[in-house]
Amino acid sequence: MFRKSLVFGLALGVSMASGAAAFAQESLSIVFVGKNTGNPYFDSLVQGFEDACDVLGCEFEFVAPATAEATSQIPFITAQIQRRVDVIAISPNSPDALNQVLDRARQRGILVLSVNGDITGSEEFRDAAILPTDFEKVGSDQVEMLGSLINYEGEIAILSATTEAPDQNKWIVGMNEALENNPKYAKMTLVATVYGDDQPEKSTTEAEALLSTYPNLRGIISPTTVGIAASAQVVQSANKADQVKVTGLGTPNQMRPFIKDGTVEAFQLWSPYNEGWLASYFAVGLKAGTIVNEVGATFEVPNLGTITINELNSINTQAGLTTFNADNIDDFNF
Amino acid sequence: MNRITGVIGALLRRRAAGIAVMLLIFSLVVGLIQPRFLTPDTLRIVMLAIPLIMVAAMGQMMVLVSRHVDLSMGSMLGFTAIVAGMVFRDFPDVPWWVGFIVAISTGAVLGLFNGLVVTIFKLPSIIVTLGTLSLFRGVLFLISDARQVDPQFIPSALIQMSQTSPVFGIPGIVLIAFGVAFLTYLFLDHTRLGRQIYAIGSNPAAAPLRGIRVVPVTLLVFTLSGALSGLAGIMYASRFGYVNPSITGVGFEFTVIAAVVIGGASINGGVGTVLGTVLGVILLGTVSVALPILAVSAFWQDAIFGAVIVIALLIDRSVRERGARSVVAGHRP
């Protein structure tokens, strides 16, 4: 009896402390299913969810499989359906392997949000996608970044994740289109696209092979955190930082030493924190009826301003990529 | 007895020679297709790709010789690397060599644990280490809070060991790998304890009759396997400059076992040499470097890599059967 009243008192105290917004939504439970555990990138995304839920009064939990395989997320989603959570946010490991289980979640009235990556081609199996930036532009932005480092001239290569990684493949298509269609890049030649499978060992060997096979290589774009770190390490070991410019998508904490010692001049990414922040506000607003999930609709998110729901119910947290270099890298910690 | 060991020695040497020939033919074929392959640069890339595998392979070879197997190496590597990395992160003033002590001793404890479970409960090592493969990985997630140790925390002196050394500029981790191989050779071929490992693996039932204390020797073998996985763990931090709980060491045990078996060690115990294992590791490393240099499509690389392992084993087996027929039938006690 005593324990019961204590719990009740605690619950009352918490709900009172977290204010009016919490009062309306206090029971909303959000679960974020990450690609895999131990991925530093997601620590920051999770932080965004947590901070927003602290403000909004939602319950938040992060779960993730040990490995980023196509089907490894299915049992985690099934478990959340059985727990009857209100919102499943997921960074999908596959564009189509999750269709059935996501369908089942939505039939039970669970809001399904694809976060940080979309299930391209299977968009009808999620309610909305929260993407860090316009993925259509990532490829050309990366080519522009490398071009600016090498005076838009010379042989370049791409070191990607796995051959089936959906986001990377989309960006690589964008890179190829930019190189072919934009006269600005006419003197840049893409000599190879290789895959390091997001394993440090294989990525390193592939990067070494690029340097060995293409002695005139001027630059490597690696649109994946494992790949860009491996490329930077290889170029640093080979003392070729002046000759071969490495850029791509990486996290500031992973790339900090390479920026500090000049191996890498600049790389790009977005704010994963803002994705978690936005996703929480979107989910809470949608469930409360203050946001309408329709293409063209807009809503306000603190710190991010007015957000628009784009084609296929996809939402971007920022317009373009953030560039990290020696001047600003110490402002970021993720 | 002398004559028999002499014949076995000749056979083993021939097997090592077989791997060396395979390595030569493979390199020449690749060199014909892509001349750039036959340059010192390739040698450098291969030498940097193999040290972790070579160190662990010495441990795995001893385990196989004793008629066991250690499937938990990848998780031991990840575990020890993350523990060493966390020490560097949480105690920034610690010198780089402390990482070696931490990783090797942590690995030894994990390996001893494997050995104790195998010997006390008399369970097959394949099952025990399959279990600890998951167990060690799980505990490593818990102790690291599933967070990676970022590059800024790894001492630069440690990173430099993968780039150079005072000895002709040969990267330190390469020197360590060959040093460990040489020490393993001295231990296995020139100490009584080393020979006892072969005796246990050749005939576990007869070994106690010959005065060999099977349990302590088995414990030693598993402990060495763990310690060498720990050494590979700190070398991982040196080579890649960061440690990630879900990436570091995953799948490592399969590469190591493939290299050791290509090197002529038998999964039935009692057979295995340092020279063969070194050549097996180099062959595997050469193939993994050759495929990207040949610009083999990523879709094909895994398949070809696997095919090379199978072919190497088939060639090795046919050589071994021919050898076995010509050797005195009763060389096994």
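Quick summary incoming for the structure in this document. (Residues numbered from 1 in each chain as written. Chains lettered and ligands numbered in written order. Predicted model: local features only at pLDDT ≥ 70, side-chain atom pairs only at ≥ 80, totals over all residues.)

### Thoughts on the overall build of chain B
Check the secondary structure of chain B and you find 13 helices and zero strands. Helices and strands appear in chain B in the N-to-C order α-α-α-α-α-α-α-α-α-α-α-α-α. Based on the C-alpha atoms only, the size of chain B along its principal axes is roughly 60 × 55 × 40 Å. (Helix = DSSP H or I, 4+ residues; strand = E, 2+ residues; numbered from the N terminus.)

### Points about the packing of helix α5 (residues 96-120) of chain B against helix α6 (residues 125-144) of chain B
All names here are of chain B. Closest axis-to-axis distance for the α5/α6 pair is 10 Å, and the angle between their directions is 140°. Put simply, α5 runs oblique to α6. Regarding α5 and α6, the two cross each other, and that crossing is right-handed. Only Ser125, Val128, Thr129, Thr132 and Phe136 of α6 make contact with α5, whose side of the interface consists of Leu110, Asn114, Val117 and Val118. The residue inventory of the contact of α5 with α6, partitioned by class, reads five nonpolar, four polar and no charged. (Axes fitted to C-alpha atoms, helices over the stretch in contact; angles between N-to-C directions. Parallel < 35°, antiparallel > 145°, perpendicular 65-115°, else oblique. Left-handed = near helix turned anticlockwise from the far one by under 90°. Contact = placed C-beta atoms within 7 Å. Nonpolar A, V, L, I, M, F, W, Y, C, P; charged D, E, K, R; others polar.)

### Considering the nonpolar core
Core analysis: the largest hydrophobic core is formed by 142 residues, its most contacted members being Val55 and Ala57 of chain B. In this structure, Ile90, Tyr273, Phe282 and Val301 of chain A belong to the second largest nonpolar core, which totals 47 residues. (Core = buried A, V, L, I, M, F, W, Y, C linked by C-beta atoms within 7 Å. Buried ≥ 20, exposed ≤ 12 C-beta atoms within 10 Å, placed from the backbone.)

### Re helix α10 (residues 252-260) of chain A
Residues and elements named next belong to chain A. Buried residues dominate α10, accounting for eight of its nine residues. All of the buried residues in α10 are Pro252, Asn253, Gln254, Met255, Arg256, Pro257, Phe258 and Ile259. The elements touched by buried residues of α10 are α3 (40-56), α9 (225-237), β10 (266-269) and β14 (322-325). Remark: glycine 262 follows α10 within two positions and exhibits a positive phi of approximately 85°.

### Topic: the interface of chain A and chain B
With 26 residues of chain A in contact, the opposing surface of chain B contributes 28 residues. Looking at the side of chain A that touches chain B, the elements that each hand over two or more residues are α3, β7 (188-195), α8 (200-213), α9 and α10 of chain A. If you tally residues by element for the side of chain A that touches chain B, the top one is α8 of chain A, at seven residues. A breakdown of the residues in the side of chain A that touches chain B according to their chemical character gives eight nonpolar, 14 polar and four charged.

### Considering the sheet that holds strand β8 (residues 217-222) of chain A
Residues and elements named next belong to chain A. Judged by pairing direction, the sheet is parallel, and its four strands sit side by side in the order β7-β6-β8-β9 without closing on themselves. Two strands lie at the open edges of the sheet, namely β7 and β9 (245-248), each paired on one side alone. Across this sheet, the average inter-strand angle for adjacent strands is 25°, counted without regard to direction. Set on the sheet, helix α6 (residues 135-149) makes contact with β6 (154-160), β7, β8 and β9; between it and β9 the angle comes to about 160°. (Pairing = 2+ DSSP bridges.)

### Side note on the pairing of strand β1 (residues 29-33) of chain A
Residue and element names in this part refer to chain A. Taking burial as the measure, the five residues of β1 include four buried ones, the bulk of the element. In this sheet, strand β2 (residues 59-63) lies alongside β1 in parallel orientation, the contact comprising five bridges. In the strand pairing of β2, valine 31 is matched with glutamate 61. The parallel pair β1 and β2, bridged by α3, forms a crossover whose chirality is right-handed. (Right-handed = clockwise from strand over helix to strand, strands pointing away.)

### Remarks on helix α2 (residues 40-49) of chain B
When α2 of chain B is considered as a whole, its buried residues turn out to be Thr42, Ile45, Val46, Leu48 and Ala49 of chain B. On an axial view of α2 of chain B, the arc spanned by its buried residues comes to 165°, and they lie on one face. Away from the buried face of α2 of chain B by more than 90 degrees, exposed residues Pro40 and Leu43 of chain B are located. Each element contacted by the buried residues of α2 of chain B is listed here: α8 of chain A together with α12 (274-293) of chain B. (Arc of directions from axis to C-beta.)

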